[in-house]
Amino acid sequence: MSLRLLPRTCRRATASAASASNLALSAFPAFSRFARCYATPVTVNGSTQLKPTLYGQPLPPSHSHLLKAKETTPGIPQEEYERRRRELMESLPDGSLVVCVAGQIKYMSGQIFYKFRQSSDFWYLTGFEEPDAAVILEKRPSSPRGYRMVMFSAGTDSAKEKWDGARTAPHDVVRYFRADEAEPISAFPSTLKSLAADASWVYLDIPTYSRRARASTPKSLLKYLSPSGGLSRGEYDSLVESLSSSKRKPLSPEVGRLRAVKSKVEQKVMRQAADISARAHNKTMRFTDPGLSEHAVAAHFEYLCAREGSQRPAYVPVVASGPNALIIHYTSNNQLIADGEMVLIDAGCEYNGYASDITRTFPANGSFTPEQATLYNALLTVQKHLITLCTEDSGMSILQIHRESCTMLRKELERIGFNFPLGAGTLDTLYPHLIGHPVGIDLHESNHSERDAPLKAGMVVTIEPGVYVPPFPEFPRAFHNIGIRIEDEVLVGKKHPEVLSVNAPKEIADIEGSCQGLLGLSPF
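Just so it is clear, the structure is predicted and the values come from calculations on it, not from any experiment.

Novice: How do you make sense of empty space enclosed by the protein when you look at a structure like this?
Specialist: For the structure shown, the criterion picks out 2 cavities of 30 Å³ or more. Estimated volume of the second largest cavity: approximately 40 Å³. Of all the elements in the fold, those that place two or more residues in the lining of the second largest cavity are α2 (78-91) and α5 (170-177). Per-element tally for the lining of the second largest cavity: the top contributor is α2, with 3 residues. Partitioning the lining of the second largest cavity into residue classes produces 3 nonpolar, 3 polar and 2 charged.

Given below as structure tokens:
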């Protein structure tokens, strides 16, 4: 480790240089004059960091161990964000204006806040990870980019930085996020109203008003457009009426269509997320023993993911032992694991902006009973066949794959002793959920993709058949109180699918090997 003090040069001193570089920072002094004037370069393992960072999120100068040069967020280069914005604007008619706002900090109670997570569409278009921000994209076909981009943010404030850390300065917003202009968030309402007056179409998402929202009188239009802003009904209606409904169109369906098909760089990040989660599943099988609490197993999985760089769990993990696995979304995780039970773990991490989603079911003591193995193999046969259908050439949709899963699962269950005298209703009791869903930045990716639309190469979906056998007399007694789900993330290919979660064991021999330590894996 080496230390040297950065020259004590305030960011506001660079305003003239920024102006000389034709960076459009019209309000620069207004929201950067209180910038912190110091940071210390610290070199560790050949990577130089700035402590405390001068930016509101990891960027190459401050976090070279996380980002390469010209990356906006880890693994995602500036050119990728530029491509997304360009494709969005090219898909919209002339005279279009796109308005997208950042997420807001959510509070558990009083001033106790949750860890911030950026709004998914805003992050997809900008990579900017701070709250109190917005972006306006104005279609300009005659310009080199085809559009003009104005970013709004909170700017720097040394007093707030003392408590909460740095925010990104306006000239850095221009430099690292490729905005044409950087403005304070206070300028957002007036700028939007001015640009909207001349626009033919305004694409933005206005949340449904809720009476349960906290009353407040925000000064920024950002708050008005944020679901968590909290307004009186009169304030909300006044704002909505100021944007002509004849011009207004929802933005999320347009962005959702772009998000549905993953680029090569997105696919790479999603492989990394799936690998982290798959290794955690593998090691958690080795860690689990009868007598442990479900909570301890869930905590171990989350620890393993965090240790490898995951920013957060993609969702609340399910660790369901024995009959608890009959509850699809069992998240209480507060009972003890008994000898002879199966343990169903549905858990995945979020890594560099992308979710992973994997489910495995394994014996707590490391060995399947004959009955457990019989039911497990029946479901595994179905799951492996369904994965082969995840290609563009198959022409199949998620709904069609689901129908195939019902037909095939019924046959496999009949083969091992189940009867279905009541038809589909009985199968619904055993298998009550859909076969899968798209996954990406969100665990359940955009709702704007149709379930009956054919899969396209580059989509990522889950394939997760399950069987949950309650202790009902119409079902074979040997399988009572067993719940099994096997879920993989699948990258749809033109002719062949790719299982991103391939490193999570699912064959019985591999699962028992992981549980018993025969594969050389440690639980940590």
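The rest of the description comes next.
Novice: How do you make sense of the packing of aromatic side chains when you look at a structure like this?
Specialist: The description of an aromatic ring pair uses the distance of the two centres, along with the angle that the planes make with each other. Overall, the coordinates contain 10 aromatic pairs when judged by the stated rule. With a centroid separation of 5.0 Å and 85° between ring planes, the pair formed by Phe128 and Phe177 is classed as edge-to-face. Separated by 49 residues along the polypeptide, Phe128 in the loop between α3 (120-126) and β9 (134-139) and Phe177 in helix α5 bring together distant segments of the chain. Exposure remark for Phe128: the relative accessible area of 0% places this residue in the buried category. You can call Phe177 buried: its relative accessible area is 2%. Centre to centre, the rings of Phe152 and Phe188 are 5.1 Å apart; their planes meet at 55°, and the pair counts as tilted. Separated by 36 residues along the polypeptide, Phe152 in strand β10 (residues 147-153) and Phe188 in helix α6 (residues 188-198) bring together distant segments of the chain. The buried category is assigned to Phe152, whose relative accessible area is 0%. Three or more aromatic residues link up through ring pairs in this structure, and these residues are Phe418, Phe472, Phe475 and Phe479. Positioned above the aromatic ring of Tyr81, the side-chain terminus of Arg84 is 4.8 Å from the ring centre. The lysine or arginine in question, Arg410, covers the ring of Phe420, its NZ or CZ lying 5.2 Å from the ring centre.

Novice: What's the story with the packing of α2 against helix α9 (residues 252-260) in this structure? I'm lost.
Specialist: What describes two packed helices is the angle between their axes and the distance between those same axes. Packing of α2 against α9 brings their axes to within 10 Å, and their N-to-C directions diverge by 130°. In terms of orientation, α2 and α9 fall into the oblique class. When you trace α2 past α9, the crossing you get is right-handed. On α9, the residues that touch Arg84, Glu87 and Leu88 of α2 are Glu254, Val255 and Leu258. Of the residues in the contact of α2 with α9, the class split is 3 nonpolar, no polar and 3 charged.

Novice: Help me out: how do you make sense of helix α11 (residues 294-307) in this one?
Specialist: Residues lying three or four places apart along an α-helix face the same way, a consequence of the helix completing one turn every 3.6 residues. Between its terminal C-alpha atoms α11 stretches 20 Å, which fits the 20 Å expected from 14 residues at 1.5 Å a residue. All of the buried residues in α11 are Glu294, Val297, Ala298, His300, Phe301, Leu304 and Cys305. Buried residues of α11, seen end-on, are gathered within an arc of 160° and therefore sit on one face of the element. Contacts made by the buried residues of α11 are with α10 (264-287), β15 (318-321), β16 (342-347) and β17 (349-351). After α11 finishes, the residue Gly309 shows a positive phi value of roughly 105°.

Novice: What am I meant to see in a nonpolar patch on the surface here?
Specialist: A cluster of nonpolar side chains, contributed by Ile105, Tyr107 and Phe113, occupies part of the molecular surface with about 290 Å² of accessible area. As for its position among the elements, Phe113 is in strand β8 (residues 112-113). The exposure class of Phe113 is exposed, given its relative accessible area of 55%.

Novice: Teacher, can you tell me more about the sheet that holds strand β24 (residues 498-499) here?
Specialist: Think of a sheet as strands paired side by side through backbone hydrogen bonds, with each pair either parallel or antiparallel. Sheet architecture is open: 3 strands sit in the order β20-β23-β24, paired in antiparallel fashion. Lying at the two open borders of the sheet, with one neighbouring strand each, are β20 (460-463) and β24. Inspection of the sheet shows strand β23 (residues 488-491) paired to β24 by 2 bridges, in the antiparallel sense. Bridged to Val490 within β24 is Val499. In the packing of α10 onto the sheet, the strands contacted are β20, β23 and β24, and the crossing angle to β23 comes to about 165°.

Novice: Before we go on, may I ask you to explain the environment of Val174 in this structure?
Specialist: Assignment of secondary structure puts Val174 in helix α5. Using a relative accessible area of 9% as the deciding quantity, one classes Val174 as buried. For the pair formed by Val174 and Met151, sequence separation is 23 residues and the distance between their alpha carbons is 8.3 Å.

What counts as what
- Residues numbered from 1 in each chain as written.
- Predicted model: local features only at pLDDT ≥ 70, side-chain atom pairs only at ≥ 80, totals over all residues.
- Heavy atoms only, no water.
- 1 Å grid on protein atoms, 1.4 Å probe; cavity = no way out; pocket = protein on both sides within 12 Å on 5 of 7 lines; lining within 4 Å.
- Points joined across faces, edges and corners; volume = space filled by probe spheres on them.
- Helix = DSSP H or I, 4+ residues; strand = E, 2+ residues; numbered from the N terminus.
- Nonpolar A, V, L, I, M, F, W, Y, C, P; charged D, E, K, R; others polar.
- Phe/Tyr/Trp six-rings, centres within 6.5 Å; stacked < 30°, edge-to-face > 60°.
- Buried < 20%, exposed > 50% of the residue type's maximum accessible area, 1.4 Å probe, protein only.
- Lys NZ or Arg CZ within 6 Å of the ring centre and 35° of its normal.
- Axes fitted to C-alpha atoms, helices over the stretch in contact; angles between N-to-C directions.
- Parallel < 35°, antiparallel > 145°, perpendicular 65-115°, else oblique.
- Left-handed = near helix turned anticlockwise from the far one by under 90°.
- Contact = heavy atoms within 4.5 Å.
- Expected span 1.5 Å × (residues − 1).
- Arc of directions from axis to C-beta.
- Patch = residues over 30% accessible without salt bridge, like charges linked within 9 Å, V, L, I, M, F, W, Y side chains within 5 Å.
- Areas by Shrake-Rupley, 256 points an atom, 1.4 Å probe, with all protein chains shown as cover.
- Salt bridge = Lys/Arg side-chain N within 4 Å of Asp/Glu carboxyl O.
- Pairing = 2+ DSSP bridges.

Any link to function would need more than the numbers given here.
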